[in-house]
Amino acid sequence: MSQSGTRRTPPRTPDREAAPALSPLSQAAAVPAPIAIVGAACRFPGAPDLGAFWSLLEEGRDAVSTLPADRFNQDWFHHPRRGEPGRSYSFAAGHLGDVSGFDSGHFGLSPREAAEADPQQRLLLEIAAEALEDAGWPAASVAGRQIGVFVGGSSTDYAELRLSNPAGADRFFMTGNTLSILGNRITNVFDLRGGAQTIDTACSSSLVALSLAVDALRAGRVEAALVGGVQLLLSPYAFTGFSRASMLSPTGRCHVFSAAADGYVRGEGAGMVILKPLDAALAAGDAVRGVILAAGVNAVGRSIGLSLPDPQAQAALLRGVLAAAGLPASRITYFEAHGTGTQAGDPIEAWAIGRALADAETGRKAPLPVGSVKSNIGHLETASGMAGLIKALLMLEKRVIPPNLHFGEPNPRIDFDALRIRVPTEAEPLPGEDPVIGVNSFGFGGTNASLLLAAPPASPQAAPDEGAKAAPATLPPLILSTRSAGALPQAAAAWSAALRAKPGRAPALLRGLARHRDLASHRLVLRGTDATALANGLDAFAAGEPVGVQGTAPASRSGGIAFVFSGNGSQFPGMAREAMAQSRPFREAVEAADAELTPQLGWSVAAALADGLTAEALSATEIAQPTLFTVQHGLVTALAGEGIEPSLVLGHSVGEVAAALAAGMLDLPSAARLIVARSAAQARTRGRGRMAAFNVTEPEATPLLAECGPGLEIAARNAPRALTIAGPAAAIARLAVAARRDRLTLIELDLDYAFHSAAMDEVEQALMASLDGLRPTPPRLPFISTVTGAVLAEPADAAYWWRNLRASVRFADAAAEAARLGARLAIEIGPNPILQSYLREVLRAAKAEAPILASLSKRDSAGDPIPVIADRATALGADPRGAPSFAGPAQRRGLPPTPYHRTRHWFPATPEAMRLHDPVLDHPLLGFRREARW
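Residues numbered from 1 in each chain as written. Predicted model: local features only at pLDDT ≥ 70, side-chain atom pairs only at ≥ 80, totals over all residues. Heavy atoms only, no water.

**Describing the overall build of the protein chain**
- Each helix and strand counted, the protein chain has 34 helices and 32 strands in total.
- Each principal axis of the C-alpha atoms in the protein chain carries an extent, and together these give about 115 × 70 × 50 Å.
- Per-residue burial over the protein chain gives 58% buried out of 934 residues.
- Counted over contacts in the protein chain with a minimum sequence separation of 6, partners at least 24 positions apart contribute 82%. (Helix = DSSP H or I, 4+ residues; strand = E, 2+ residues; numbered from the N terminus. Buried < 20%, exposed > 50% of the residue type's maximum accessible area, 1.4 Å probe, protein only. Contact = heavy atoms within 4.5 Å.)

**Description of unusual backbone geometry**
- Omega for the peptide link from G709 to P710 comes to 10°, which places this bond in the cis form.
- Along the polypeptide, P710 turns up in the loop between α28 (698–708) and β24 (713–719).
- With a phi close to 55°, H406 is a non-glycine residue in the positive phi region.
- Following the sequence through the fold, H406 ends up in the loop between β13 (400–401) and α17 (416–419).
- Residue R743 is not a glycine yet carries a positive backbone phi of 55°.
- Take R743: it is sitting in the loop between α29 (729–741) and β26 (746–748).

**Quick word on the packing of aromatic side chains**
- The tally for this structure, following the rule as stated, stands at 17 aromatic pairs.
- Seen in terms of ring centroids, Y800 and W801 are 5.2 Å apart; in terms of plane orientation they differ by 90°. Their pairing is edge-to-face.
- Judged by its relative accessible area of 1%, W801 is buried.
- Among the aromatic residues, those joined into a cluster by ring pairs are F72, F77, F91, Y237 and F239.
- Just above the ring of W76 sits the side chain of R87; from NZ or CZ to the centre is 4.6 Å.
- Stacked on the ring of F239, the Lys or Arg R266 has its end atom at 4.6 Å from the ring centre. (Phe/Tyr/Trp six-rings, centres within 6.5 Å; stacked < 30°, edge-to-face > 60°. Lys NZ or Arg CZ within 6 Å of the ring centre and 35° of its normal.)

**Considerations on the sheet that holds β26**
- If you walk across this open sheet you meet the four strands as β24-β25-β23-β26, and the pairing is antiparallel. The open sheet terminates on both sides in strands that have one partner only, identified here as β24 and β26. Pairs of neighbouring strands in the sheet enclose a mean axial angle of 20°, with direction left out of account.
- When strand β23 (residues 690–694) meets β26, the two strands line up antiparallel, connected through three bridges. When the sheet's bridge partners are listed, A693 is paired in β26 with I747.
- Here α29 sits on the sheet and contacts β23, β25 (722–727) and β26; the angle it forms with β23, its principal contact strand, is near 25°. (Pairing = 2+ DSSP bridges. Axes fitted to C-alpha atoms, helices over the stretch in contact; angles between N-to-C directions.)

**Topic: the pattern of salt bridges**
- Enumeration according to the criterion identifies 42 salt bridges in this entry.
- For the salt bridge of R145 with E223, the shortest nitrogen-to-oxygen distance reads 2.8 Å. With R145 in the loop between α6 (139–142) and β5 (147–152) and E223 in the loop between α10 (205–218) and β7 (224–231), this pair connects stretches of sequence that are 78 residues apart.
- Residue class for E223 comes out partly exposed when judged on its relative accessible area of 32%.
- In this structure, R483 engages D518 in a salt bridge whose closest nitrogen and oxygen atoms are separated by 3.4 Å. Taken together, the residues span a long stretch of sequence, with R483 in the loop between β18 (478–482) and α18 (487–501) and D518 in the loop between α19 (506–516) and β19 (522–526) at a distance of 35 residues.
- Shared partners join several salt bridges into a network, and the residues in it are D134, R289, E397, K398 and R893. (Salt bridge = Lys/Arg side-chain N within 4 Å of Asp/Glu carboxyl O.)

**Thoughts on the sheet that holds β19**
- Taken in spatial order, the three strands make up an open sheet running β18-β19-β20, and their pairing is antiparallel. Strands with a single pairing partner mark the edges of an open sheet, and in this sheet they are β18 and β20 (549–552). Adjacent strand axes in the sheet meet at a mean angle of 15° when their direction is disregarded.
- Examined bridge by bridge, β19 and β20 share four bridges and lie antiparallel to one another. Bridge pairing links H522 to T552 in β20.

**Overview of the pairing of strand β21 (residues 561–565)**
- The element β21 is largely enclosed, with a buried count of five among its five residues.
- Alternating residues of β21 divide into I561, F563 and F565 and A562 and V564, and every residue in both groups is buried.
- Two strands pair when backbone bridges link them, and β21 and strand β28 (residues 825–829) are joined in this way by five bridges, in the parallel orientation. Counted as the bridge partner of F565 is I829 from β28.
- As judged from the four bridges shared by β21 and strand β22 (residues 648–651), these two strands associate in the parallel manner. The partner of F565 across the bridge, within β22, is G651.

**Brief notes about the packing of helix α26 (residues 655–662) against helix α31 (residues 798–806)**
- Close contact between α26 and α31 brings their axes to 10 Å; oriented N to C, the two are set at 145°. Together, E656, V657 and A660 of α26 and Y800, W801 and N804 of α31 make up the contact between the two elements.
- Grouping the amino acids of the contact of α26 with α31 by side-chain chemistry returns four nonpolar, one polar and one charged. (Nonpolar A, V, L, I, M, F, W, Y, C, P; charged D, E, K, R; others polar.)

**Considering the packing of helix α22 (residues 584–601) against helix α27 (residues 668–683)**
- Contact geometry of α22 with α27 gives a least axis separation of 9 Å together with a crossing angle of 45°. Of the possible angle classes, the one that applies to α22 and α27 is oblique. With respect to the hand of their crossing, α22 and α27 are arranged in right-handed fashion. Where α22 approaches α27, its residues A592, A593, E596, L597, Q600 and L601 are matched on the opposing element by L668, P669, A672, R673, I675 and V676.
- Split by residue class, the contact of α22 with α27 holds nine nonpolar, one polar and two charged. (Parallel < 35°, antiparallel > 145°, perpendicular 65-115°, else oblique. Left-handed = near helix turned anticlockwise from the far one by under 90°.)

**Here's the deal with a nonpolar patch on the surface**
- Taken together, the side chains of Y237, M914 and L916 make up a nonpolar region of the molecular surface, amounting to roughly 260 Å² of accessible area.
- The topology assignment puts Y237 in helix α11 (residues 237–244).
- Residue classification places Y237 among the partly exposed residues on the basis of a relative accessible area of 32%. (Patch = residues over 30% accessible without salt bridge, like charges linked within 9 Å, V, L, I, M, F, W, Y side chains within 5 Å. Areas by Shrake-Rupley, 256 points an atom, 1.4 Å probe, with all protein chains shown as cover.)

**Quick word on the confidence of the model for the protein chain**
- Mean pLDDT over the protein chain works out to 92, with 94% of the residues at or above the 70 mark.
- Between residues 1–28, whose pLDDT stays under 50, and residues either more than four places distant or in other chains, the model counts 71 contacts.
- Taken as a whole, residues 461–473 scores under 50 in pLDDT and shows 13 contacts with residues more than four places along the chain or in a different chain. (pLDDT = per-residue confidence, 0-100.)

**So, the nonpolar core**
- Among the nonpolar cores identified, the biggest contains 94 residues, and I186, F190, F257 and I421 are the most heavily contacted of them.
- In terms of residue count, the dominant contributor to this core is helix α5 (residues 119–135) (nine residues).
- The contacts of I186, once residues within four sequence positions are left out, are L124, L125, A128, V149, V151, D191, L192, L226 and M272.
- Grouped together as the second largest cluster of nonpolar side chains are 81 residues, F586, L613, A660 and A754 included. (Core = buried A, V, L, I, M, F, W, Y, C linked by side-chain atoms within 4.5 Å.)

**Notes on the environment of D750**
- Within the secondary structure, D750 is located in the loop between β26 and α30 (764–770).
- Here the alpha-carbon distance between D750 and M691, two residues 59 residues apart in the chain, equals 7.9 Å.

**Details of α27**
- Over its 16 residues, α27 extends 22 Å from the first C-alpha to the last, a length consistent with the 22 Å expected when each residue adds 1.5 Å.
- Among the 16 residues of α27, 12 are classified as buried, and the element is accordingly described as predominantly covered.
- Three or more residues of α27 are buried, namely L668, S670, A671, A672, L674, I675, V676, A677, R678, S679, A681 and Q682.
- On its buried face, α27 is in contact with α22, α25 (621–641), α26, α30 and α31. (Expected span 1.5 Å × (residues − 1).)

**So, the environment of P80**
- When you line up the elements, P80 lands in the loop between α3 (74–77) and β3 (92–94).
- Owing to a relative accessible area of 62%, P80 belongs among the exposed residues under this scheme.
- It is 9.0 Å that separates the C-alpha atoms of P80 and P250, two residues lying 170 residues apart in sequence.

**A closer look at the side chain of R122**
- Tracing the sequence through the fold places R122 in helix α5.
- Among buried charged residues, R122 stands out as having no salt bridge; its nearest opposite-charge side chain is D118, 7.2 Å away.
- Separated by 2.8 Å, the side chain of R122 and the backbone oxygen of H905 make a polar contact.
- Apart from the residues lying within four places of it in its own chain, the contact partners of R122 are V99, S100, F102, A114, A115, A117, Y158, H905 and W906. (Lys, Arg positive; Asp, Glu negative; His and termini not counted. Polar contact = N/O pair within 3.5 Å; in protein donor to acceptor, adjacent residues only side chain to side chain.)

Structure, rendered in structure tokens:
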């Protein structure tokens with residue numbers, strides 16, 4: 001748009017130079033700090049991503065065609081004659097195809113809000129997400145930070161279409177169709193706090209946005225910036241306006257710097273880069289794509305026409321940017337011109353580039369190569385600067401100048417020889433060991449922008465070897481996640497292809513996926529011995545077969561994992577034998593505990609577990625409790641090796657000992673001493689009572705306990721309708737009879753003890769003496785006491801552990817507190833799950849939701865159970881990425897992008913729609929139906 005029409009006016013080159021720019025560029029005393037581009041993404045005509053864009057450029061392909069027929073009724077708005085009111089003589093365009101699809105769930109928008117949102121907002125959200133992935137920045141890692149968003153945009157096409165149907169608008173109409181929301185939609189979805197700006201300077205918008213972002217970074221106002229530009233061609237009205245001005249090419253191509261230049265062809269798309277100060281990027285280990293040496297903006301000022309370019313202003317800007325970078329003109333290796341293909345604009349820009357950067361006065365020895373991406377994809381108007389910038393980035397990476405299309409005969413109004421510029425029409429090497437590329441972008445209101453871009457500095461640390469031949473014997477688990485269930489099979493197919501393409505890179509790819517991508521709600525966890533095995537599993541999953549571990553993590557809860565340590569009753573003969581035999585970390589942890597226990601017990605817990613304990617042995621609490629504690633310690637240690645660690649802990653009765661060890665309140669010697677003392681004390685009470693599980697509420701139980709007593713007590717409050725009763729054997733028997741009479745469920749437990757009742761009183765002094773000198777330490781994570789039902793506030797000294805043995809177990813209160821603290825997942829730690837139903841009942845009563853998992857169980861299959869437990873936990877919300885298997889070289893860039901499960905989102909039609917842009921064709925002879933106006 002900036003280089004309008006086909007005017008035959010020669011470039012204005014007055015004798016005196018234009019007044020010097022007043023920007024800091026021309027007055028800078030020192031070279032400003034360079035700015036790194038650490039991430040990029042694009043959606044351009046014929047190029048859905050960066051790789052496809054480079055292929056299109058390098059192969060010299062033309063992505064311009066005709067705008068899709070479903071955008072509006074082109075038959076109604078087309079007329080071959082120039083200047084026909086309300087009509088356009090061309091709908092040639094570089095386009096993206098169907099732009100109605102969007103994955104609203106991926107970005108947390110309701111379908112209704114997404115339908116009202118300008119598709120430009122939706123497109124920007126997608127490429128913002130992709131740019132963050134390209135940078136290796138998980139979206140969760142940028143939330144809440146001082147990161148700014150600067151977006152170039154001016155099109156209101158969606159609102160123009162929307163206005164023909166005002167009755168269908170809802171409360172999302174204004175935010176959906178306001179230009180300011182182009183940037184604010186990104187800050188809102190990604191929780192960025194550096195502010196958002198939508199910049200509209202017509203075709204220079206996105207590079208002006210970039211210049212403003214560079215200034216903000218150098219001033220320290222933001223720590224990083226997302227900079228982009230967007231344009232979609234949804235409405236006929238801009239086509240009709242540019243046709244009236246004779247700006248559009250009747251041949252439907254941008255003939256840049258060519259004698260055939262006859263106007264420009266419109267295009268659509270979006271591009272985005274992530275900026276960060278170079279020193280900060282290098283310090284953080286970011287992968288730098290390119291370095292912005294200088295960027296600047298100026299304006300034409302008063303001219304003979306608002307939309308006409310000015311050579312002196314353009315040349316002044318180029319000289320100012322060059323001076324700011326502290327470079328001689330001879331350092332510029334290639335120049336990506338604005339280059340729209342107009343007879344007015346191309347000669348002016350060529351003159352400015354030549355005079356400022358290339359002619360004999362600059363000392364350049366060879367002609368400067370120039371070109372324009374518009375010859376491939378059309379003029380993306382507000383997004384055109386991003387297209388030129390991303391092309392330059394890729395050129396620096398590939399060290400290739402792609403061919404400029406539709407050049408043919410040079411424009412006779414450009415003196416290429418005198419200006420020492422040339423237009424490459426075949427791919428050629430980018431010259432120079434340290435190339436610098438310039439990029440121009442001009443707005444048709446007179447605002448110009450330009451920048452100089454260099455290759456990234458050599459990394460002090462070599463990138464992982466792309467040609468690595470052999471992967472380690474054991475790969476990290478592949479953790480695939482998406483924000484919508486429908487996208488997960490797509491992701492599986494993409495990752496299968498990536499692993500097959502580079503099997504030797506599998507470890508780095510898997511670590512990169514874990515460390516540089518978010519863990520979303522819908523998950524697949526898969527393990528394999530090599531890349532091929534993983535790829536086969538992914539193919540099977542994509543085909544609908546059940547492989548690996550699939551699950552959905554709760555999206556609404558922000559807390560971590562609760563480890564819930566089971567108490568008496570979870571032990572069984574042969575428990576943990578597979579874990580002992582197959583899991584080295586589990587076995588080593590058991591042996592470490594055994595080293596502390598054996599001198600005190602006089603027998604080896606590790607040996608007993610390996611050989612298999614009998615039911616008779618486990619009926620003795622002095623055997624069952626140390627064994628249970630040891631298994632729980634082994635589980636905690638082994639799961640930590642898989643990256644599964646608790647954020648809070650609670651334990652049922654004796655389970656509190658292992659919970660206290662996991663929370664850091666006790667060290668292993670102290671915990672071993674405690675479990676031996678506790679079990680020995682309780683062992684003395686064998687035969688003094690019995691216990692029963694009673695499925696009633698406490699108010700329902702109270703009169704029955706009084707009726708069937710004396711001596712009956714509530715030993716544990718497990719859930720709102722789950723109590724454990726302890727007392728004399730005769731009283732328990734009477735209670736069983738009363739329960740049958742009242743049709744209540746009571747199950748007598750196979751225990752020859754009355755734990756947590758008066759039967760324990762006789763061992764108080766012995767236990768306190770055994771624990772004399774126990775020194776409690778502050779916990780490293782919340783310990784929810786089942787003695788108090790709350791996070792433990794007082795030290796867990798000997799007196800506390802006496803209460804743990806004697807007082808009623810307040811498990812229901814403790815579990816409810818875990819839910820209140822936001823636990824997103826509960827894992828029962830023990831040899832066999834016995835608390836699952838209690839946990840579910842407590843969560844229901846608390847109106848909370850969280851998956852509940854077992855660890856070991858009686859039904860464990862052969863093999864190492866620990867990875868299976870870890871994968872189940874991961875699939876349901878755990879974050880295992882701190883595991884040692886995820887340490888080591890990780891690929892940050894080049895991972896398959898997270899796919900979208902797009903569905904159509906468009907504003908709804910109503911009977912009151914006036915159909916201004918898509919009138920109905922009644923009949924080829926009758927024409928379009930239009931309502932009569934009287």
